Structures are given as structure tokens and as C-alpha cells.
Amino acid sequence: PRGFCAGVERAIEIVQDLINEDPDNPQYRRVLGTQIYQSVEELGNEASDMYEELFELRQEVRGLSGDERAEAEARIEELSQEIDDIEADIDELTQISVEQMQKVIELEPDSESANFILGIIYQNRAANLFERRNNTTDNAQANEYDTMAREVLRDALIYYERAAEINPDNPENWQSLFQVYTTLGMEEKAAEAMEKAGFEN
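Only a predicted model underlies this, so the values are computations on that prediction, with no experimental measurement involved.

Tell me about the pattern of salt bridges, residues and numbers included.
With the rule as written, the count across this model stands at 14 salt bridges. Between glutamate 78 and arginine 75 there is a salt bridge, and its shortest N-O distance comes to 3.2 Å. With glutamate 78 and arginine 75 both in helix 3 (residues 66–107), this residue pair falls 3 residues apart, about one helical turn. On the basis of relative accessibility, which here comes to 43%, the residue glutamate 78 falls in the partly exposed class. Arginine 75 sits in the partly exposed class, given a relative accessible area of 24%.

Describe the packing of helix 3 against helix 4 (residues 112–135), and please don't skip the residues or the numbers.
Running from N to C, helix 3 and helix 4 cross one another at 160°; their axes reach a closest spacing of 9 Å. It follows from the interaxial angle that helix 3 and helix 4 lie roughly antiparallel. Like other packed secondary-structure pairs, helix 3 and helix 4 cross with a definite hand, here left-handed. For the pair helix 3 and helix 4, contact is made by Glu87, Ile90, Asp91, Thr94, Ser97, Val98, Met101, Gln102, Val104 and Ile105 and by Ala114, Asn115, Ile117, Leu118, Ile121, Tyr122, Arg125, Asn128 and Arg132, respectively. Taken together, the residues that form the contact of helix 3 with helix 4 break down as 10 nonpolar, 5 polar and 4 charged.

Explain a negative patch on the surface to me, and be specific about the residues and the numbers.
A surface patch of negative charge is lined by Asp49, Glu52, Glu56, Glu60, Asp67, Glu68 and Glu71. Ranked by the residues each element gives to the negative patch, the list is headed by helix 2 (residues 26–61), at 4 residues. In this fold, glutamate 56 is placed in helix 2.

I'd like a rundown of the nonpolar core, residues and numbers included.
If you look at the biggest cluster of nonpolar residues, it comprises 53 residues, and the most contacted ones within it are Met101, Leu118, Ile121, Tyr122 and Leu177. Leave out the neighbours within four places in its chain, and tyrosine 122 touches Val98, Gln102, Val152, Asp155, Ala156 and Tyr159.

Just give me the short version of helix 5 (residues 139–166), but keep the residues and values in it.
If you check helix 5, its first and last C-alpha atoms are 41 Å apart, about what 28 residues at 1.5 Å a residue would give, namely 40 Å. Here helix 5 has its buried residues at Ala142, Tyr145, Asp146, Ala149, Val152, Leu153, Ala156, Leu157, Tyr159, Tyr160, Ala163 and Ala164. Lining the buried residues of helix 5 we find helix 3, helix 4 and helix 6 (171–183). The backbone nitrogen of alanine 140 lies 2.9 Å from a side-chain oxygen of the residue at the head of helix 5, namely aspartate 138.

Got a sec to walk through the packing of aromatic side chains? Specific residues and values, please.
Tallied over the full model, the rule gives 2 aromatic pairs. Ring centres 5.9 Å apart and planes at 15° place the aromatic pair tyrosine 122 and tyrosine 159 in the stacked group. Remark: tyrosine 159 occurs in helix 5 and tyrosine 122 occurs in helix 4; sequence separation between them is 37 residues. As far as burial versus exposure is concerned, tyrosine 122 and tyrosine 159 are alike and both buried.

Please set out the layout of surface pockets residue by residue, giving values where relevant.
The computed volume of the largest pocket comes to approximately 260 Å³. Forming the walls of the largest pocket are 15 residues, and the residues nearest its centre are Tyr51, Ile83, Asp84, Gln141 and Tyr145. Listing elements by their share of the lining of the largest pocket, those giving two or more residues are helix 2, helix 3, helix 4 and helix 5. Top contributing element to the lining of the largest pocket by residue count: helix 3, with 6 residues. A volume near 210 Å³ is recorded for the second largest pocket.

Which residues make up the packing of helix 4 against helix 5, and what values go with them?
For any two helices packed against each other, one specifies the crossing angle of their axes together with the interaxial distance. Axis separation between helix 4 and helix 5 bottoms out at 8 Å; the angle between their running directions is 165°. Here helix 5 runs roughly antiparallel to helix 4, going by the angle between their axes. Every pair of crossing elements has a handedness; the one defined by helix 4 and helix 5 is left-handed. The class makeup of the residues in the contact of helix 4 with helix 5 is 18 nonpolar, 3 polar and 8 charged.

About the criteria used
Residues numbered from 1 in each chain as written. Predicted model: local features only at pLDDT ≥ 70, side-chain atom pairs only at ≥ 80, totals over all residues. Heavy atoms only, no water. Salt bridge = Lys/Arg side-chain N within 4 Å of Asp/Glu carboxyl O. Helix = DSSP H or I, 4+ residues; strand = E, 2+ residues; numbered from the N terminus. Buried < 20%, exposed > 50% of the residue type's maximum accessible area, 1.4 Å probe, protein only. Axes fitted to C-alpha atoms, helices over the stretch in contact; angles between N-to-C directions. Parallel < 35°, antiparallel > 145°, perpendicular 65-115°, else oblique. Left-handed = near helix turned anticlockwise from the far one by under 90°. Contact = heavy atoms within 4.5 Å. Nonpolar A, V, L, I, M, F, W, Y, C, P; charged D, E, K, R; others polar. Patch = residues over 30% accessible without salt bridge, like charges linked within 9 Å, V, L, I, M, F, W, Y side chains within 5 Å. Areas by Shrake-Rupley, 256 points an atom, 1.4 Å probe, with all protein chains shown as cover. Lys, Arg positive; Asp, Glu negative; His and termini not counted. Charge placed at Lys NZ, Arg CZ, Asp CG, Glu CD. Core = buried A, V, L, I, M, F, W, Y, C linked by side-chain atoms within 4.5 Å. Expected span 1.5 Å × (residues − 1). Polar contact = N/O pair within 3.5 Å; in protein donor to acceptor, adjacent residues only side chain to side chain. Phe/Tyr/Trp six-rings, centres within 6.5 Å; stacked < 30°, edge-to-face > 60°. 1 Å grid on protein atoms, 1.4 Å probe; cavity = no way out; pocket = protein on both sides within 12 Å on 5 of 7 lines; lining within 4 Å. Points joined across faces, edges and corners; volume = space filled by probe spheres on them.

Structural measurements only, silent on function.
What follows is the structure in C-alpha cells.
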């Protein structure tokens, strides 16, 4: 997939080799999972910029005619294709980072940071799906993205709740839970998390 510069790709290959030699070393897998995930975040930012350009072009094209309109429509087509390619890479790379972090948790079930990182990966995955929802012009597809995003947020909850269980004194765990509970409309839980995070209502 795109999203890797040569240096990052080489680093990932090295870690992959280390994992092949020592598959039960959680540290290697954690490095691989987080390294790949950083690339996902960069791709996500790239996609966001493109969505913005696409939105502006769609607005603009309404007022154009003739060659200008044809040119803008061609750019919309091209941009949509680029976004599709980036989203496909985001999906693939997210899956790899999730698998690596799940393996870390299997090897270290009581690792607060591994659970927290997996929570972040799922929460950001949901944010990306919400962005796709907001940028599609197809209603059925928008509903599909919305449903998927909410399911992924429930996955994030599992890991954030586990992190908070492992270390209830870390306000970051409760802040993240507060965000996810709020998005899912779980108001009582959100208020509880807010209190534990040390926020005043």
C-alpha cells in the first residue's frame, strides 16, 4: 500500500523479520502495530484534505458550464478515485495494526497501554467511517457507514474499558471513554466517565 516512505517500509520489514524469529515477543508486535498505525493516521489526514477539495469542487461545479465544467467534473472523478485508493489502504493497514495489537493483548492481557492503543485505533477507524458517511452523496451508503462506525466504536469501548479497569486512576482512560460514550448517546455512562476523569459537570 501507499502511505509508507522507503525508510518506514524498511523498518517494518526489519520488525516483521524479528517477529518471525520470535513470534511471542509482544514488544516487536507493539512496535509494528503502532508504526503501521502512524502511517494510517497520515493517510487519514491526506484523505481529509482531499474530501475538503472534493466538497469545494462539487459546490463550484454547479455554477460552471462548458469546458470549465467538464474540467471540474474530470477532477472530481480523479479525486474520487484517489480517495477510494487511500481508503482501501487505510482499511488494509488498520486491519494489520489491529491484528498486531490484539496479539500484544493476548500476550500481555494486563497491559494498560496496549488496550488503550487498540481503543485509539478503533476510535480513529470510526472517525474515518463517519467522515466517509459525511462525504458520500448516496443515502444508503451513508447509513451503512454510520452503522459500521458505531459498531467500531463499540469495539473501542471494550479496550478503553479494559484500560480503565487495569488503571482506574488514569484520567486519559476516562476522557476517551467519555468521548465514545457521548458519541454513542450513552449519557449516564458519559457522565460517570466525566466525573472519574476529574471534569466538573
